Amino acid sequence: MKRIFLLLTILPFVCGCVYDFSADVPEGEAALVVEGDIVAGGVSKFSISQTTPVNSGIRMKEALAIIWVEDSEGGKYGSDKNLVSKAEISVPYHGGREYRLRVRDRRNGVVYDYATPWAKPCEAPTLSNLRVEVGKSEVDVLFDAVPDPGNPYVKWSYTERWEYSADYNAQYLFVYKNPRKPGDREYYTPVTGGTSPTFYCWNSGEGIDGVKTAEDGGKVSGAKIAGISRKSKKVQILYNVGLNVCSIPQEAYEYFNEVNRASSITGDLFAPTPNAIYGNIRDMKDGRAALVGYVCVLHGVSTVSKFFYNSELGMYAGDAPDDTKLLFDPEDHLDEDETLDQFYMRGNRPVRYDVSNIMLWSESRCVDCTAETGGGKYAGTKDKPSDWPTEHK
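Quantities reported herein were computed from a predicted structural model and do not represent experimental measurements.

Thresholds, definitions, all that
- Numbering of residues starts from 1 in every chain and runs along the sequence as written.
- Reporting of local features is limited, given that this is a predicted model, to residues whose pLDDT is at least 70; pairs of side-chain atoms are given and counted only at 80 or more, and all residues count toward the totals for whole chains, interfaces and linings.
- Heavy atoms from the whole structure form the basis of all side-chain values; hydrogens and water molecules are not counted.
- Numbering of helices and strands runs from the N terminus, with a helix taken as a DSSP run of H or I at least four residues long and a strand as a DSSP run of E at least two residues long.
- The rule is simple: take the accessible area with a 1.4 Å probe, protein chains only, and divide by the maximum for that residue type; under 20% is buried, over 50% is exposed, in between is partly exposed.
- By definition, residues are in contact when any of their heavy atoms lie within 4.5 Å.
- The protein chains shown are the only cover counted for residues, whose accessible areas, like all others here, come from Shrake-Rupley with a 1.4 Å probe.
- The term disulfide is used for any two cysteine sulfur atoms that are within 2.5 Å.
- We call Phe, Tyr and Trp rings a pair once their centres come within 6.5 Å, taking the six-membered ring for Trp, and we label the pair stacked below 30 degrees between planes, edge-to-face above 60, and tilted otherwise.
- Pairing between two strands requires that DSSP report at least two bridges joining them.
- Lines fitted to C-alpha atoms define the axes here, with helix axes fitted over just the stretch in contact, and angles between the N-to-C directions of these axes take values from 0 to 180 degrees.
- Values of pLDDT, ranging from 0 to 100, describe the predictor's confidence in every residue of the model.

1. Quick word on the overall build of the protein chain
Summing up its helical and strand segments, the protein chain has 4 helices and 28 strands in all. Per-residue burial over the protein chain gives 47% buried out of 393 residues. Long-range contacts, defined as pairs at least 24 residues apart, comprise 66% of the intrachain contacts of the protein chain with a sequence gap of at least 6. For the protein chain, the accessible area works out to roughly 19,700 Å², and carbon and sulfur atoms hold 48% of it.

Here it is, written out as structure tokens:
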């Protein structure tokens, strides 16, 4: 049978993962992908999607299926009637019971039923010592944990938020007017309060997740969740990490390790991937692993959020702005018959007067922290998080 390779992106749900990898799928078929975990005693969140060929330009395609949770005493949670692409299911915790996920899919008039194996919930690990270690060129973010004694493996997901600033704190703002009346030369207005409204920004993202096994003594020590360049804007002012960690069984650990291996293959998205990549969602008729994804059964997820100031992150090592290259007299850069208003709209901003009383300008990326640089790499927002401890605006 001819086979094709499909690019998958598994996104974080509860204690999920973010990975790109290629899956080996029979030609003409599209594998269903299930993301999420059963959280007994909480809300279980699931997403249904579908693989697409690597040359399609689409990473994942939304799909519909019927999805619900069962326990070993006949309890049923969620609907076994409604087609959904996303589901949030409240699952009560009953000590001693096992749980499984059920998925029902209809293709070409045929109904397919899938299920995960019955499993007892893994207890949430105990987290400790979320910290940073500063090296010469990188800041590592690490944590320690004591997982469920019966399942000495952990899986984590995390989010990042950070505050940073533009290269220049503009002393003046440009008063844009179009059309500008003859004789109207009030181009600039001083910044009030000493800080440009586009100097401080906030940004956020989701990191690549991981798994780790406990060492002798049943403790996970120094699990590295991120390595941040000291030249990154993330470490310029204030950095926050929100960490979710759960205990997982050995089979899940091996699965996510394999996904991690597949996602780390560089320059070869078409490298074949073992069938084990499909996970633990099996066809109820023949028992084969039929859907992509691994669903764990959890009794709680340990979470922690921590802020790290730049004094803890080591001296920010980003290059200082070079005034000789970044500041300029706009008169030297205006196109023929171009006005300052047009120059402004072309992506330039005033900064300050020099000793000769000439207003110096710079590109917006150096003055406005919301401007995109490098394809949006550092484009931020002025929407300051409600729990952010600095006084900057």
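And the narrative resumes.
2. Observations concerning the state of the cysteines
A complete count under the given rule lists 1 disulfide for this structure. Between the sulfur atoms of C201 and its disulfide mate C369 the distance is 2.0 Å. Disulfide C201-C369: torsion about the S-S bond near 70°, hence right-handed. In this pair, C201 is assigned in strand β19 (residues 200-206) and C369 in the segment after α4 (364-367), connecting sequence segments 168 residues apart. Given a relative accessible area of 0%, C201 falls into the buried group. We note that C122 lacks a disulfide partner, and the nearest cysteine sulfur, in C296, lies 6.7 Å from it. C296 forms no disulfide, and the closest cysteine sulfur to it belongs to C246, at a distance of 6.0 Å.

3. As for the packing of aromatic side chains
The final tally for this structure, using the stated rule, is 18 aromatic pairs. Seen from their ring centres, Y172 and Y353 are 5.1 Å apart, and the 80° between their planes marks the pair as edge-to-face. Linking Y172 in strand β17 (residues 172-174) with Y353 in strand β27 (residues 348-353), this pair joins segments that are 181 residues apart in sequence. A relative accessible area of 32% places Y353 in the partly exposed class. With centroids separated by 6.2 Å and ring planes inclined at 55°, the aromatic side chains of Y187 and Y188 adopt a geometry described as tilted.

4. Considering unusual backbone geometry
For N129, which is not a glycine, the phi torsion comes out positive at approximately 55°. Here N129 shows up in strand β14 (residues 126-134). In this structure N129 comes out as partly exposed when scored by relative accessible area, which is 43%. Positive phi outside glycine occurs at D337, with the angle close to 65°. With respect to the helices and strands, D337 occurs in the loop between α2 (323-326) and α3 (340-345). Its relative accessible area of 69% is what places D337 among the exposed residues.

5. Quick word on the sheet that holds strand β21 (residues 220-229)
Overall, antiparallel pairing links the 3 strands, which are arranged β14-β15-β21 in an open sheet. The two strands at the open ends of the sheet, each matched to only one other strand, are β14 and β21. Neighbour-to-neighbour, the strand axes of this sheet turn through a mean angle of 20°, independent of strand direction. Examined bridge by bridge, β14 and strand β15 (residues 138-146) share 7 bridges and lie antiparallel to one another. When the bridges of β15 are listed, R131 appears paired with L142.

6. A word on the sheet that holds strand β4 (residues 38-39)
Pairing within the open sheet is parallel, and its 3 strands lie in the order β4-β25-β13. Across the chains shown, the open sheet's two edge strands, defined by having one partner strand only, are β4 and β13 (122-123). Across 2 bridges, β4 lies against strand β25 (residues 297-299) in parallel orientation. Bridge pairing in β25 places V39 opposite L298.

7. Structural notes on the pairing of strand β12 (residues 110-115)
For a regular strand, side-chain orientation follows a simple rule: the groups alternate between the two sheet faces. Alignment of strand β11 (residues 99-107) against β12, held across 6 bridges, turns out to be antiparallel. Bridge pairing in β12 links D105 to Y112.

8. Section: the confidence of the model for the protein chain
Mean pLDDT over the protein chain works out to 85, with 83% of the residues at or above the 70 mark. Here residues 17-28 is modelled with pLDDT under 50, and outside its nearest four sequence neighbours on either side it reaches 65 contacts, counting other chains as well. Note that residues 266-276 has pLDDT below 50 and, in this model, 17 contacts with residues that lie over four places away or in other chains.

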